[in-house]
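# Coordinate analysis (summary)
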Amino acid sequence: MRSPQKMKIIQIDITNACTFNCSNCTRFCGQHKAPFFMDFETFKKAVDSLKDFKGIVGIIGGEPTLHPEFDKFIKYLAEHRPEYRKKTSIKYPVNSLKAYFEKLKYMNGARCGLFSSFGEGYYKHFELIQDTFPYQSLNDHSNINTHQGILIPRKEIGINDEEWLKKRDKCWIQNLWSATITPKGAFYCEIAGSMDMLFNGEGGWEIDNNWWKKEPSEFNDQIHWCENCALALDVPSIPATEQTDLISAEMEKRLLEINGWKMREKKYKIFDAKTYNSKDKHKYSPIWYLQENGDNGRVSLINANLTPKHIDIVLLNGKSEHTTISEEQLQNLDFKDFVIVFYNKIDLELVEKMKKCVFNPGFFYDLGKVGVIFNSRAKALENVDNIKFDKNLKNLWPKQKYSKISPKTIGKLNLSQKLNLHMITLFNRINGLCVKFMHNFN
Ligand code: SF4
Ligand code: SF4
């Protein structure tokens, strides 16, 4: 066990609402009766309490972008936890989510992090997210990854105190991942915090400036949560997409009382305690979720979640049956998502390529003689009712959100982007192997 101050990340669980109900979810999505949404006062306290914490403050759920006050929360975070590391904006259209993901999963130097599964909320808050989070842990759950069984108390599988204490103190989640703050206080471990929410526990520590400096010897009032949790043990994993929890027979009774969706729909399996053999590592050793194939499979190559949901087309000089809004509508910002404005000729092939790329809606993309692309939801247009379409239009956007691109690059990575992607992938791979080595070595 570690003190939270030695962790790389401390989480703030702002909601446990999620678009998924993955198997063995660490936030027990699908087991709750109703999701929680942290209130703003608690969030402010949480951010303020971590002022001197040197690592990353992670915003997590559930799916955190589903929080109705996500914008307000994130603006507060950005203001009160300034970043020193340069953020990675999507300056150029991205034609592979994997390329995008690789840029964001480098932790060092980041102070704010987001954990998201790329839903509608992520698309909606895209610009704000890129402006705020240099580190993002993204998992669209479209590829198979596995989640280890959690709700299996060690006493039910007959693990004696001696063996248990050794295993518990080496728990990979607590030793690699995070402490957390939930609406009910601060916790030494994110799973303990989630269990406290699920089982209506006594709540966590007061969210003051020192809670995260506690040492393991001070965890006594919370450590009982470990007794319900099998993450330090060698119980099997289940593909997340099966939406099925592996639980113990006693847990079944407790969860039936809560009567969440997974219990109502019988989305659970009872773990046969007799089959447990802690020496049978080969059979039960949890598949390493974090850094092996699962890591590269966290984000699919298909950009469906983040590619433009709608593209309006305008032609400035001339007429075409392919325009979708008039010049007047353009000037009144009477469109909801992306617009591509062609100067002289509509290029439908370009529009098709655009549909397969990820664009930052906060950017003004200048396509030279061909036209421009922008989004009516851009922060630059927040207080603007109408625009004049001339060469000064781009000045509404800050310089760092102006991007001059050749239309030919839409839908393709150029050589330096490809090289960059390979370098970052290689770096993350080596970093991952080091983490794994250190974990095994410990
Ligand atoms: S994406 Fe899956 S694992 Fe993550 S919070 Fe949602 S249900 Fe849980
Ligand atoms: S056993 Fe479970 S509750 Fe305890 S530290 Fe590990 S993950 Fe957290």
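The model shown is predicted, which means the values in this text are computed figures rather than measured ones. (Residues numbered from 1 in each chain as written. Chains lettered and ligands numbered in written order. Predicted model: local features only at pLDDT ≥ 70, side-chain atom pairs only at ≥ 80, totals over all residues.)

On to the site of ligand 2, then. Near ligand 2, the surroundings consist of Arg168, Cys171, Ile173, Gln174, Cys189, Ile191, Ala192, Trp225, Cys226, Cys229, Leu231 and Ala232. Elements with a minimum of two residues in the shell around ligand 2: helix H7 (172-176) and helix H8 (190-198). Its residues assigned to classes, the shell around ligand 2 comprises 10 nonpolar, 1 polar and 1 charged. (Near = placed C-beta within 6 Å. Helix = DSSP H or I, 4+ residues; strand = E, 2+ residues; numbered from the N terminus. Nonpolar A, V, L, I, M, F, W, Y, C, P; charged D, E, K, R; others polar.)

Close contacts around ligand 1 come from Cys18, Phe20, Asn21, Cys22, Cys25, Arg27, Cys29, Gly61, Gly62, Glu63, Ser117 and His141, and that covers them all. Broken down by class, the residue content of the shell around ligand 1 amounts to 5 nonpolar, 5 polar and 2 charged.

Next up on the list: the sheet that holds strand S3 (residues 112-116). What the 6 strands build is an open sheet, ordered S4-S3-S2-S1-S6-S7; its pairing is mixed. Where the open sheet ends on each side, the last strands, each with one partner, are strand S4 (135-138) and strand S7 (185-187). Within this sheet the neighbouring strands show an average axis-to-axis angle of 20°, counted without direction. Sheet topology places S3 next to S4; 4 bridges connect them, and they run parallel. Bridge pairing in S4 places Leu114 opposite Gln136. Contacts from H8 reach strand S1 (9-13), strand S6 (179-182) and S7 within the one sheet, and its direction differs from that of S6 by about 30°. (Pairing = 2+ DSSP bridges. Axes fitted to C-alpha atoms, helices over the stretch in contact; angles between N-to-C directions. Contact = placed C-beta atoms within 7 Å.)

A few words on the pairing of S6. In S6, alternate side chains face the same way, and those of Ala179 and Ile181 on one face and Thr180 and Thr182 on the other are all buried. Judged from the 3 bridges that link them, S1 and S6 form a sheet pairing that is parallel. The residue bridging Ile10 from the neighbouring strand is Ala179, located in S6. As defined by bridge partners, S6 adjoins S7 across 3 bridges and the pair is classed as antiparallel. In the strand pairing of S7, Thr180 is matched with Phe187. (Buried ≥ 20, exposed ≤ 12 C-beta atoms within 10 Å, placed from the backbone.)

Let us now look at the nonpolar core. Counting residues in hydrophobic clusters, the biggest one holds 97 residues, and the most contacted among them are Ile12, Ile152, Ala179 and Ile247. Per-domain counts for this core show at least three residues from each of domain 1 (1-303) and domain 2 (311-409). Aside from chain neighbours lying at most four places away, what touches Ala179 is Pro4, Met7, Ile10, Ala186, Phe187, Tyr188, Cys189, Glu190 and Trp212. (Core = buried A, V, L, I, M, F, W, Y, C linked by C-beta atoms within 7 Å. Domains from an automatic or database assignment.)

Attention now goes to the sheet that holds strand S15 (residues 402-404). What the 5 strands build is an open sheet, ordered S11-S12-S14-S13-S15; its pairing is mixed. The outermost strands of the open sheet, each flanked by one partner alone, are strand S11 (311-315) and S15. Sheet twist, expressed as the average angle between the axes of neighbouring strands with direction ignored, equals 15°. With 3 bridges joining them, strand S13 (residues 364-366) and S15 adopt parallel strand pairing. Paired with Tyr365 across the bridge in S15 is Ser403.

Residues at a pLDDT of 70 or more form 86% of the protein chain, whose mean pLDDT is 88. Confidence over residues 282-295 falls short of pLDDT 50; this stretch has 19 contacts with residues more than four positions distant or in other chains. (pLDDT = per-residue confidence, 0-100.)

What follows deals with the environment of Glu190. Here Glu190 shows up in helix H8. A sequence separation of 12 residues divides Glu190 from Ser178, and the C-alpha atoms of the two residues are 5.9 Å apart. Apart from the residues lying within four places of it in its own chain, the contact partners of Glu190 are Gln11, Thr26, Trp177, Ser178, Ala179 and Thr180.

Below, the discussion takes up helix H2 (residues 70-80). If you check which residues of H2 are buried, you get Phe70, Phe73, Ile74 and Leu77. Taken around the axis of H2, the buried residues stretch over an arc of 90°, which confines them to a single face. Residues of H2 that are exposed and point over 90 degrees away from its buried face: Lys72 and Glu79. Its buried side turned inward, H2 meets helix H1 (40-49), strand S2 (56-60), S3, helix H4 (120-124) and helix H5 (126-132). (Arc of directions from axis to C-beta.)

Time to look at the environment of Lys355. With respect to the secondary-structure elements, Lys355 resides in the loop between helix H14 (348-354) and S13. On the neighbour-count criterion, Lys355 (15 C-beta atoms within 10 Å) is partly exposed. Lys355 has contacts with Thr307, Pro308 and Ile311, leaving out every residue within four places of it along the chain.

With that settled, the discussion passes to unusual backbone geometry. One non-glycine residue with positive phi stands out, namely Asn24, at about 45°. Within the secondary structure, Asn24 is located in the loop between S1 and H1. The exposure class of Asn24 is buried, given the 28 C-beta atoms found within 10 Å. Positive phi values are uncommon outside glycine, yet Phe28 reaches one of about 55°.

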